[in-house]
Amino acid sequence: MNDDLDKLRQDLLGQVRKAESLEALDEVRVGALGKKGRLTQLMRTLGQLEPEARKAFGAALNRVKDEIADAIEQATGRLRAAEIERRLEAERVDVTLPVKPEPQGRIHPISQATDELVAIFGEMGFEVAEGPHIEDDFYNFTALNIPPEHPARQEHDTFYLPERRDRTRKVLRTHTSPVQIRTMLNRKPPLRIIVPGRTFRADHDATHSPMFHQVEGLVIDRSTHMGHLKGCLEEFCRAFFDIDDLPLRFRPSYFPFTEPSAEVDIGCSRAGGELKLGNYGDWLEILGSGMVHPKVLQNCGYDPAEYQGFAFGMGIERIAMLKWGIPDLRTFYDSDLRWLRHYGFVPLEVPSMVGGLSR
Ligand code: PHE
């Protein structure tokens, strides 16, 4: 009888050891200790034994029961731990993996060009300044040495607002140059600012939009000269267009608010009807510039014998079209999502001189 009990014990311990899942282990428990389990059934036979034998066998049986129950409990702990281990392994997330989110929106080429030129001029020590879109005639014209009846007024195709009671009219600024005046009047030299922003002219065709963008530059100091203007614009153009040997040509020109004045061309090729920027012998005009006119300095209370400076103005649409090969100016304002997806820029790639500009 004790031999049989020991065989049963060995058998059950073996089953416990072999159980590879909590379900299998539970079957072993039911088979041994459940209502119809083998040990439970043996317990039921105790009643048929003589008192002496019953006592001895009952005690042996209880020890085996406890031993099996213990073994099952330990195996349960072991299997639970293994199960957790397995799930942790299966559901593992490597939080150190780099993620590359693909944002849906796109940065408009005007914003991108603005961000890039701010990065370049920022590196050179320029600050960004701003002014109102609705300007006084004084800032847009008169203070810039464009008096009433000056022919330059007609050239600007100005949008005028209705006449006010004092008979003056506000204008939508026709260029960013009025911010030169506002800055000089409000601050003390030395000055080094750029002014990116909207400008307005009553003109609308394939190459003109009634609203467009310019960036103005203004540097005022005691010994600023034309060489600074040339170096500054050369460095800007080479960085913006990402062409190290991009040549610049300074052509004498006329603006009422600069003297001398120069229009600036960059090198290009038009071979095969295709425009390519670089040192190819042909030229393309991209901006107006010059030394700030003594009268403009005086209008702002600066003594031209003490302070000089240079200024320039450049169309942002134009340089964006040249950099990214955008053929039609009007498409900038169509709000066509297909166009924006094609010509737009990924928002998370913020341009900087260290991180890089766009390609
Ligand atoms: N304001 C001029 C324009 O709109 C550009 C310019 C700015 C020229 C500064 C010289 C100096 O055409």
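None of these values were measured; they are calculated from a predicted model. (Residues numbered from 1 in each chain as written. Predicted model: local features only at pLDDT ≥ 70, side-chain atom pairs only at ≥ 80, totals over all residues. Heavy atoms only, no water.)

Asks: Explain the overall build of the protein chain residue by residue, including any values.
Replies: When you go through the protein chain residue by residue, the secondary structure sums to 12 helices and 10 strands. For 359 residues, the compact-globule estimate of 2.2 N^0.38 gives 21 Å, and the protein chain exceeds it by more than 25% at 43 Å. When the backbone C-alpha atoms are referred to their principal axes, the protein chain occupies close to 135 × 55 × 40 Å. The buried share of the protein chain, taken over its 359 residues, is 41%. Of the contacts formed within the protein chain by residues at least 6 apart in sequence, a portion of 65% connects residues at least 24 apart. (Helix = DSSP H or I, 4+ residues; strand = E, 2+ residues; numbered from the N terminus. Rg over C-alpha atoms; globule rule 2.2 N^0.38 Å. Buried < 20%, exposed > 50% of the residue type's maximum accessible area, 1.4 Å probe, protein only. Contact = heavy atoms within 4.5 Å.)

Asks: Just give me the short version of the site of the ligand, but keep the residues and values in it.
Replies: Taken together, 14 residues form the shell around the ligand, and within it H175, S177, R201, Q214 and G313 come nearest. One of the side-chain nitrogen or oxygen atoms of H175 is found 3.0 Å away from a nitrogen atom of the ligand. Between the ligand and Q214, the relevant distance is 2.9 Å, taken from an oxygen atom to a side-chain nitrogen or oxygen of the residue. Burial of the ligand by the protein chains amounts to 90% of its free accessible area of 330 Å². (Near = heavy atom within 4 Å. Polar contact = N/O pair within 3.5 Å; in protein donor to acceptor, adjacent residues only side chain to side chain. Areas by Shrake-Rupley, 256 points an atom, 1.4 Å probe, with all protein chains shown as cover.)

Asks: Explain the state of the cysteines to me, and be specific about the residues and the numbers.
Replies: Overall, the coordinates contain zero disulfides when judged by the stated rule. Free of any disulfide, C237 has its nearest neighbouring cysteine sulfur in C232, separated by 9.2 Å. Since its relative accessible area comes to 0%, C237 is described here as buried. No disulfide involves C300; its sulfur sits 20 Å from the nearest other cysteine sulfur, which is in C232. Given a relative accessible area of 7%, C300 falls into the buried group. (Disulfide = S-S within 2.5 Å.)

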